[in-house]
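For reference, the chains in residue letters:
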Amino acid sequence: MRQSLLLFFLLFSSCLLAQTKVSGEVIDEFGEPVAFANVIFKDTNEGTISNENGRFYLESDNNHDALWVSFVGYELLVIPLDKRTTYDLTVTLKEEASALEEVVVFSGKTSKKDNPAIVMLRKIWENRRENGVKKFKQYTYDKYEKLEFDLNTIDSTLIKSKIFKGMEFIWKQIDTSNITGNSYLPIFINEAYSKVYGDNLLKEEKEILEGNKNSGFSNNQTLIAFVKDLYKEYNVYDNYLKFFDKAFTSPLSRTGIDVYNYVLLDSAYRDNKWCYNIVYYPRRKNELTFKGDFWVNDTTWAIKEINLQASKSANLNWVREVYIEQEFDVLNDSIFLITRDYFLSDFSLRKKEEAQGIYGKRTTLFNNYEFDLAKDKNFYKAQVDPYQEEIYNRPDEFWEERRMEKLSKDEKGVYTMLDSLKEVPRFKSLYNIGATLASGYYEVGNIDIGPVFSIFGFNEAEGMRIRLGGRTYFSQNDPWRLEVFGAYGFKDRRFKHGISGKWLLDRKSRFTIFGGNRKDVEQTGASLTTSNDVLGRNLASSSLISVGANDRLTRINLSTAGFSIEPAKNLNIRLTGSFRTLESATETFSLEYFDTNGDIQSTISQPEVELGFFFTPKRRTSGYGVERVIINDGDYPTFYLGYTYGTKDILDGDFEYSRLQALYSQPWNIGGLGRLYSTVEVGKTFDPVPLGLLSPIPGNQTLFSIYNTFSNLDFYEFVSDTYASLHLQHNFGGRLFSRVPFLRKLDLREVIGFRAVYGDISQENIELSRPAFESLTDLPLIPANLAPSDKLYWEWSVGVGNIFRIFRIDFNFRGNYLDRPDARGFGVTGEFGFSF
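Calculation notes
Residues numbered from 1 in each chain as written. Predicted model: local features only at pLDDT ≥ 70, side-chain atom pairs only at ≥ 80, totals over all residues. Heavy atoms only, no water. Helix = DSSP H or I, 4+ residues; strand = E, 2+ residues; numbered from the N terminus. Buried < 20%, exposed > 50% of the residue type's maximum accessible area, 1.4 Å probe, protein only. Contact = heavy atoms within 4.5 Å. Areas by Shrake-Rupley, 256 points an atom, 1.4 Å probe, with all protein chains shown as cover. Salt bridge = Lys/Arg side-chain N within 4 Å of Asp/Glu carboxyl O. Expected span 1.5 Å × (residues − 1). Arc of directions from axis to C-beta. Polar contact = N/O pair within 3.5 Å; in protein donor to acceptor, adjacent residues only side chain to side chain. Pairing = 2+ DSSP bridges. Axes fitted to C-alpha atoms, helices over the stretch in contact; angles between N-to-C directions. pLDDT = per-residue confidence, 0-100. Phe/Tyr/Trp six-rings, centres within 6.5 Å; stacked < 30°, edge-to-face > 60°. Core = buried A, V, L, I, M, F, W, Y, C linked by side-chain atoms within 4.5 Å. Lys, Arg positive; Asp, Glu negative; His and termini not counted.

Secondary structure assignment for the protein yields 12 helices and 44 strands. In the protein, which comprises 836 residues, the proportion classed as buried is 53%. Within the protein, contacts between residues at least 6 apart in sequence are counted, and of these 63% link residues at least 24 apart. For the protein, the exposed surface amounts to about 39,100 Å²; the carbon and sulfur share of it is 55%.

Right, let's get into the pattern of salt bridges. As enumerated under the stated definition, the model contains 38 salt bridges in all. Notably, a salt bridge pairs Arg340 with Glu325, separated by 3.5 Å at the nearest N-O pair. In this pair, Arg340 is assigned in strand 19 (residues 336-347) and Glu325 in strand 18 (residues 319-330), connecting sequence segments 15 residues apart. Of the charged contacts, one joins Arg465 and Glu462 as a salt bridge, the two residues approaching to 2.7 Å between their closest N and O atoms. On the basis of relative accessibility, which here comes to 2%, the residue Arg465 falls in the buried class. Judged by its relative accessible area of 0%, Glu462 is buried. It is possible to trace a salt-bridge network through shared partners that takes in Glu462, Arg465, Asp492, Lys496, Arg518, Asp520, Glu522 and Arg555.

If you check helix 2 (residues 116-127), its first and last C-alpha atoms are 17 Å apart, about what 12 residues at 1.5 Å a residue would give, namely 16 Å. Of the residues making up helix 2, those classed as buried are Ala117, Ile118, Met120, Leu121, Ile124 and Trp125. On an axial view of helix 2, the arc spanned by its buried residues comes to 160°, and they lie on one face. In this fold, the buried residues of helix 2 make contact with strand 14 (260-270), strand 15 (273-282), strand 16 (290-297) and strand 17 (303-310). N-cap assignment for helix 2: the residue whose side-chain oxygen lies 3.0 Å from the backbone N of Ala117 is Asn115.

Glancing now at the sheet that holds strand 1 (residues 20-27). Judged by pairing direction, the sheet is mixed, and its three strands sit side by side in the order 4-1-7 without closing on themselves. Bordering the open sheet on either side are strand 4 (55-60) and strand 7 (85-92), each of which pairs with just one other strand. Here the average twist between neighbouring strands, direction ignored, is 20°.

In this model, the protein carries a mean pLDDT of 82, and residues with pLDDT of at least 70 account for 85%. The spread of mean pLDDT over the elements of the protein runs between helix 1 (residues 5-14), the lowest at 34, and strand 40 (residues 722-731), the highest at 96. In this model residues 1-18 is a low-confidence stretch, pLDDT under 50, and it forms 32 contacts with partners more than four residues away in sequence or in other chains.

By the definition in use, this model includes 32 aromatic pairs. When the centroid spacing of 6.0 Å and the interplanar angle of 85° are considered together, the rings of Tyr193 and Phe398 count as edge-to-face. Separated by 205 residues along the polypeptide, Tyr193 in strand 10 (residues 183-199) and Phe398 in helix 6 (residues 396-402) bring together distant segments of the chain. Summarising the burial analysis for this pair, Tyr193 and Phe398 share the class buried.

Turning our attention to the nonpolar core. Phe243, Leu252, Tyr262, Phe290, Phe294 and Ile303 are the most contacted members of the largest nonpolar core, which totals 42 residues. If one sorts the elements of this core by residue count, helix 2 sits on top with six residues. In terms of nonpolar packing, the next biggest core, distinct from the first, is built from 26 residues, Leu558, Leu694, Ala772 and Leu786 among them.

Here we take up the environment of Ala355. With respect to the secondary-structure elements, Ala355 resides in the loop between strand 19 and strand 20 (357-371). On the basis of relative accessible area, Ala355 is assigned to the buried category, the value being 2%. Placed 35 residues apart in sequence, Ala355 and Arg320 show a C-alpha to C-alpha distance of 9.8 Å. Ignoring any residue separated from it by four or fewer positions in sequence, one finds Ala355 in contact with Asn152, Thr153, Arg320, Ser348 and Arg350.

A few words now on the sheet that holds strand 3 (residues 47-49). Taken in spatial order, the four strands of this open sheet run 3-2-5-6, and their pairing is antiparallel. Each having just a single partner strand, strand 3 and strand 6 (77-80) make up the two edges of the open sheet. Within the sheet, the average angular offset between the axes of one strand and its neighbour, ignoring direction, is 20°. In the sheet, strand 2 (residues 38-41) pairs with strand 3 via three bridges, with the strands oriented antiparallel. Looking across to strand 3, one finds that Asn38 is bridged to Ile49.

Attention now goes to the side chain of Glu610. Here Glu610 shows up in strand 32 (residues 603-615). Within the buried core, Glu610 has no salt-bridge partner, and the shortest N-O distance to an opposite charge, that of Arg580, equals 6.6 Å. A polar atom in the side chain of Glu610 sits 2.7 Å from the side chain of Tyr640. If sequence neighbours within four positions are ignored, Glu610 has contacts with Asn532, Arg574, Leu575, Thr576, Tyr640, Tyr643 and Thr644.

Omega for the peptide link from Gly450 to Pro451 comes to 0°, which places this bond in the cis form. Checked against the element boundaries, Pro451 lands in the loop between strand 22 (447-449) and strand 23 (456-459). Within the chain, Arg493 stands out as a residue other than glycine whose phi angle is a positive 55°. Tracing the backbone shows Arg493 in the loop between strand 25 (480-489) and strand 26 (494-506).

See the structure below:
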């Protein structure tokens, strides 16, 4: 890689800190890469293992003059090192096995029998619960966390790029990674200091933030929270370690012996404790595994040090490298406590080594452990103000005293560099483009225009539709927000509009008032659980391309007002009053019903009061304003219970009724078999209501895969007043395709789905809306024909995901009710998305 003179000088200077650096490739006599070869500085325990492509990088703070390279079936090779820095070294191993003097090395496919490393691994399993803070009743400790983003793999082409014109001063902060050997430029840093309290008897833990300092921008708390969620807490003793929504098999897992090769490399004192050094590496490619080594104590069998480096061939998008280090300290002869946790990820659009990327690094230090100091249960339950200004404005003296690891020269320079960078016009332009793509809104002063991805739409009522909206946005943490939109349909030649406002009155309880009005065209047959979201509009209402005629649409005029409160973390209680008018939006769809006089009516006017309970345990959010950003979306369970009362006595409502609805949604990590999503919905309307107030079984006539809908049902094909539905979708994450040689390199992922619903409708409700039902179907108007009451309706699907890393295609099959008119027995849908 060619470097500019400045870059060469800086890299040379950094070599003064790391005395010996060497990188290269291990190959055999035929030029084929040798994976998982041992690469060790001569006469030391400092070493590494080559990756699946034979590549390696090794760095030491000491001077070394030679390198040992070995692999089973090959001669030991000694490589002289004539200088401190040796890059792009090619090591060619010759056949004929040889033993490494004084050090016993196992390599290749290791045996599960008579392997001392396996014996020690079983000892670790037997003692895994006796280590760490979980052995005490209560615990408390100090925690210092440093998050950093670095632009990496910097070459002269990037430095001279016109993109960085006017920003050349940033290259003064270039350094070299001691893990990958690539050059990098720190561009963002955040420091946090917290006090952590835990009670193992109560199964509670609470972290109180005491200080936070960052470089960058005032709205970067979402970025910080997002990175923290990517690097969520983990325990190396667990069978599976979850990163990026993927479950990696831990080298300490009870299933590890089927996934990894284990090698007893050495034994030595580590901080006055005799420990064994065990190296491990994967048995197969394309699985979610690591390579690395760990030191384990010979009496307590607790881990003293461990490092993990993700397999290069792992089916993981946008992540080129994952590296983890953990260090533990000895409290007494039987208890080891974590003192340092280091996590590095290398994000890149391409996995090639020469491609530019971004390092995301988290360093967490732990200190001042104290035990068995009980606190009242209310201490853990009490809500705290999410934002205290002094926490984010601590003086330098605070950090000098509490920072457990000094900042490097480059890290200190980031604070100054970012302050200067924010004033560069070109950087501001690049930042605005990135912000628009990420949020969907274009910033104009304190107004955001958008969402830009909802400007165009199409349906049978409106034809081509154009929508333009905006919202107030002074900062991420605004206590109030106003949002509006206007839309026009070229077929019906009608304007639509919406306005919504919300105001957070108390941060601690999150007491919020809200209200709004929307006049629009809506596809109300796309969901079971009703929503009073004024500006919410599902994809089925304006999909540009649909299967069959998307003409069963409703003109809705909805006004709402209410308040919500959060009495406990992630428990939201909402009371909403609403008034809506409903009428058909097309001539081919009817909402007609008989009134009390026997006359046919085509418009429904209905006030409602809804009391809803939303519980989302383990949900993580960023910000403290009226709107918060969910940072672990799709990674927590959701519980909803709602009661709705429709009245005739207020605002001249047409019907009086009660409705009860519930929903439970849960993601499940099934170890190394992937991830399962499940949703259960039940509901019942207790009094006679017309078609517009019933619960249609959600169909899907778009070409998109929409979770919680039935892909082979048309809108309003089934309608119910009582229902229960189940949705299951499992993503194997490439577990099966990785075993097929010609599919392995494509990194495809297998997806299967199953959906079923039971529904019923009373004859009284059928007779009330007979004119409308007669326009929906030619079948006799009995419950068994209008709702899946005699037998469950079900369908299943198989899909292939991660096509070009952004697309999934699903093949959907209808399980029954195939004799109905125009029944769709088979369909193909797809979805675009970015996932790891």
